[in-house]
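Spelled out from the first residue to the last, the chains are:
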Amino acid sequence: MDNEHVSPRQEEYIKNHRRHHHLVALCRFLAFFLFLVLWEISTNLHWIDAFIFSSPSRILQTMVDMSKDYSIFRHTGITLYETLLSFALVVLVSFLAATVLWFSGTLSEILEPWLVILNSLPKSALAPLLIVWLGANTRTIIVAGMSVAVFGSIISMYTAFRDTDEEKIKLIYTLGGSRLQVLKDVVIPSSLPSIISILKVNIGLCLVGVIIGEFLAAREGLGYLIIYASQIFKLNYLITALIILCIIAFCLYQGIQKLEHQIRKTRSL
């Protein structure tokens, strides 16, 4: 939006909005910093066992040690690659499946109960079966990551499509529009907020699914590092891997949130 056309009231609103976001970011940082300080003090004063719970200083030293042989970058990169690929495939499959279900009401009535059943299955129990079917490789891990999110994503996305305002759909039909035009001009734009919310959930679920797959079928990655560290009681490595997972999840969430803000900004222009 051009600054020449921004009224004083709008400018004040934008300033307050930015100030609010800066305040939220500052509070998040202070809460995290306070947690680290309390954690370090608790281990130094022996309120908690440093061998079991580690400490920020030990974790930092572990990251430095792992950086020297680049193992931290290798494990993190592999997990991030598998997560992003499984997430992209989940988004693609979910959108295509939801679109097909929206086009065919009969097909949606047939498949919807099966999607609910498949979504309710414990995905950790499916991982060993995937290893038997696909082998202990990267493909199995990616499929495991997809299996956690894809069925619920299809259901949620189809529900968002189906709940589009009927009056807008009737208007397109009245003007001679086709079913495809309804999808492109009404259903998808109206469902964008729901789709973004689904993406926020799916990125975390894909990360969980990838870690489950790495527990059983990997020789590299953060999931493998967690299992390996727990077996040899290197708990500093285990907690370091968990913290890196938290950082990855936060960064991925922030990326989707930036996308959401950009879409809202574009739609408001």
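Our subject is the structure listed above.
Calculation rules
Residues numbered from 1 in each chain as written. Predicted model: local features only at pLDDT ≥ 70, side-chain atom pairs only at ≥ 80, totals over all residues. Heavy atoms only, no water. Helix = DSSP H or I, 4+ residues; strand = E, 2+ residues; numbered from the N terminus. Rg over C-alpha atoms; globule rule 2.2 N^0.38 Å. Buried < 20%, exposed > 50% of the residue type's maximum accessible area, 1.4 Å probe, protein only. Contact = heavy atoms within 4.5 Å. Areas by Shrake-Rupley, 256 points an atom, 1.4 Å probe, with all protein chains shown as cover. Lys, Arg positive; Asp, Glu negative; His and termini not counted. Charge placed at Lys NZ, Arg CZ, Asp CG, Glu CD.

A. How the structure looks around the overall build of the protein. Across its full length, the protein holds 11 helices and 0 strands. Moving toward the C terminus, one meets the helices and strands of the protein in the order α-α-α-α-α-α-α-α-α-α-α. Here the protein has a C-alpha radius of gyration of 23 Å; the compact-globule value for 269 residues is 18 Å, and the former is much larger. Summarising its shape, the C-alpha atoms of the protein cover approximately 70 × 60 × 30 Å along the three principal directions. The buried share of the protein, reckoned over its 269 residues, is 35%. Taking the intrachain contacts of the protein between residues at least 6 apart in sequence as the baseline, contacts between residues at least 24 apart amount to 73%. Taken as a whole, the protein presents about 16400 Å² of accessible surface, with 67% of it coming from carbon and sulfur. Put simply, the protein has 22 plus and 19 minus side-chain charges, and the middle of one group is 2 Å from the middle of the other.

B. View of unusual backbone geometry. Even without being a glycine, Ser-54 presents a positive backbone phi close to 60 degrees. Tracing the backbone through its elements, the reader meets Ser-54 in the loop between helix 2 (50-53) and helix 3 (56-68). On the accessibility criterion, Ser-54 (0% relative accessible area) is buried. Although it is not a glycine, Tyr-70 sits at a positive phi angle of roughly 65 degrees. Along the chain, Tyr-70 falls in the loop between helix 3 and helix 4 (71-103). Owing to a relative accessible area of 57%, Tyr-70 belongs among the exposed residues under this scheme.

All quantities given are derived from atomic positions and should not be read as evidence of function.
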